[in-house]
Amino acid sequence: MAGVGMASEEHPERSEADAFAAACHHARQVAVLASVDALLGWDEQTMMPRDAADYRAEQAAALAAVAHRERTDPRQGDRLARLAAGRLAMAGTPDERATIRLLAKDFARQARLPPRLVAELARTRVEAQQAWAAARATSDWGMLEPWLRKMFDLKREQAACQEPDLDAYDALLDEYEPGGRWRAIAERFAGLRAGLVPLVQACATARRRPDDAVLRRSYPVEPQRRFVTQVAERIGFDFHRGRLDTTAHPFCSTMGPDDCRITTRWDERFLPTALFGVLHEAGHGLYEQGLRREWYGLPPGAAASLGIHESQSRLWENLVGRSRPFWEWCFPLARAAFPAALGDTSAAAVHEALLTVKPSFIRVEADEVTYNLHVMLRFDLERAVIHGDLPIGDLPAAWNDRFEQDFGMRPTCAAEGVLQDIHWSAGLIGYFPTYSLGNMYAAQLMAAAEEQVPGLEAGFAAGAFGDLLGWLRREVHAAGQLLESEPLVAQVTGRPVSAAALLESLRRRYGPVHGL
Ligand code: ZN
């Protein structure tokens, strides 16, 4: 690794074009290291034998040290500072301008972190996650509380170092949703919550309610594997540039411009687990496979934000995969794969079963309608803690109070409430809102696609998804990071971002099957 980033240093960079090429080369080398780390992580989750964990931790730590040194190489900092003040940053192509601006921003954020804080965050992340696993297993909040106090303190310090002029929560949010500001998000979420709470109540108490029994019959794993692979292939996931494997916690991970790995888990007693897991992760994968290949490792070839990433997964999972036309195409395929389970039923019955709404304590088991209430609760609580408005010790009660307000039921133990997610102990603060932003962006994008691309639904019914994917590729994927998420969605859809499209979509799809 000693030679990484050195090649261009043997000759002084006389022209601005040379400096730009050298800065890009350096960033691509950092991306190479990150992709090796991703490969180690994928292997750990899918293939690695249990007893290999200790040495894998050494491999990951050694690689992280090299990557951090490379990422904060002062020569790259000098180069980016010169470029940011130069002609290309003002008058270059949009790709060149975005590359300089975003590489310089990322470098500055990294360089402002004191090495002591980086090390302490890394150590605390490992220890706090261990404490979280033990605390959740025994539903013992007291075991996690001191670790969360420490983690929130460190994250506040990180925010102050990285973005001294920004609100602390906005500074943390910026890592996941560049340019996102909590005040604007809170305003949109307030509108969403005001529409969702009555919709959840109406669905939960409706006299007509879908029944998901048909989805809980016997679905053996091997036919499931063939079935979901066919579905992923048909929506456009390229298996020559990707794979599907088995894991405990599904994810999508990219190890290079032609290597995107998705994973799922299998439940023989519940068809949606693997199918919708794969539609979700393949949605992430379609975005990764649709990014501009020639800019791999640089901002024009990178995902705009976690919110935009989630919009792509949610769009395929919920807005395509839970639609009636999709099931007109998909049902015969499903019945051929599971003749015993689906022989006596119909596309309409399976489609209706997929629209079951049932409030539950656990976010990752939530249906599409209640899901965003789980997210908004976390967004409000983590923000209050970062801003010093909510002491850590009051988190469990605050959680339960808010849950009862929104869902009409109260968690009976901490494992059903404040202890259920790994995010805070992993230092992922400012991450939760990107889930609901993704749902809002997805609904708004889908409404625009329906307006702009004729015959979309008829295509779904015939198993043709290329028109939708082509539109997403052109409008969203090709943009990379040239625009931040909200301006991107506003440009593509012709409307400012709001909760209106998501509420409209939920009411339109869930209202009729509940007799509303
Ligand atoms: Zn996702």
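Owing to the predicted nature of the structure, the values given are computational and were not obtained by experimental measurement. (Residues numbered from 1 in each chain as written. Predicted model: local features only at pLDDT ≥ 70, side-chain atom pairs only at ≥ 80, totals over all residues. Heavy atoms only, no water.)

Participant: I'm lost on the pattern of salt bridges in this one. Help?
Facilitator: Where charged atoms from two side chains of opposite charge come close, those side chains can pair. Going through the model one piece at a time under the given rule, you end up with 39 salt bridges. Among the ionic pairs, Arg109 bridges to Glu163, the shortest N-O distance being 2.8 Å. Of this pair, Arg109 sits in helix α5 (residues 94-111) while Glu163 sits in the loop between α7 (141-162) and α8 (168-173), and the two are 54 residues apart along the sequence. Among the residues examined, Arg109 registers a relative accessible area of 6% and is labelled buried. (Salt bridge = Lys/Arg side-chain N within 4 Å of Asp/Glu carboxyl O. Helix = DSSP H or I, 4+ residues; strand = E, 2+ residues; numbered from the N terminus. Buried < 20%, exposed > 50% of the residue type's maximum accessible area, 1.4 Å probe, protein only.)

Participant: For this particular structure, what's the right way to read the domain arrangement of the protein chain?
Facilitator: You'll often see interface size given as the accessible area lost when the parts meet. For the protein chain, the assigned domains are domain 1 (2-149) and domain 2 (182-514). A separation of 28 Å is found between the C-alpha centroids of domain 1 and domain 2. Across the contact, 31 residues belong to domain 1 and 37 residues belong to domain 2. Across the domain 1-domain 2 interface, the total number found is 1 salt bridge. Of the charged contacts in the structure, one is a salt bridge between Asp95 and Arg292, with a shortest N-O distance of 2.8 Å. Counting across the domain 1 and domain 2 interface gives 9 residue pairs in polar contact (both at pLDDT 80 or more). Each residue belonging to the side of domain 1 that touches domain 2 can be placed in one class, and the counts come to 17 nonpolar, 6 polar and 8 charged. (Domains from an automatic or database assignment. Contact = heavy atoms within 4.5 Å. Polar contact = N/O pair within 3.5 Å; in protein donor to acceptor, adjacent residues only side chain to side chain. Nonpolar A, V, L, I, M, F, W, Y, C, P; charged D, E, K, R; others polar.)

Participant: How should the sheet that holds strand β2 (residues 252-254) be read in this particular structure?
Facilitator: Whether parallel or antiparallel, the strands of a sheet pair through hydrogen bonds between backbone atoms. What the 3 strands build is an open sheet, ordered β1-β3-β2; its pairing is mixed. Edge strands, defined here as strands with exactly one partner in the open sheet, are β1 (242-246) and β2. With strand direction ignored, the average angle separating the axes of adjacent strands in the sheet is 20 degrees. Relative to strand β3 (residues 260-264), β2 runs antiparallel, the two being bridged by 3 bridges. Looking across to β3, one finds that Cys252 is bridged to Ile262. Here helix α11 (residues 272-290) sits on the sheet in contact with β1, β2 and β3, set at roughly 165 degrees to β3. (Pairing = 2+ DSSP bridges. Axes fitted to C-alpha atoms, helices over the stretch in contact; angles between N-to-C directions.)

Participant: Is there a simple way to think about the coordination of the zinc ion in this case?
Facilitator: Geometrically, a metal with four donors at the corners of a regular tetrahedron has ideal angles of 109.5 degrees, and one with six donors at the corners of a regular octahedron has ideal angles of 90 or 180 degrees. His280 (NE2), His284 (NE2) and Glu310 (OE) make up the full set of protein donors to the zinc ion, lying at 2.1 to 2.3 Å. In primary-sequence terms, the residues that donate to the zinc ion follow H-x3-H-x25-E. You can see His280 sitting in helix α11 and its partner Glu310 sitting in helix α12 (residues 306-320), a full 30 residues away along the chain. (Donors = N, O, S within 2.8 Å, 3.2 Å for Na, K, Ca; no water.)

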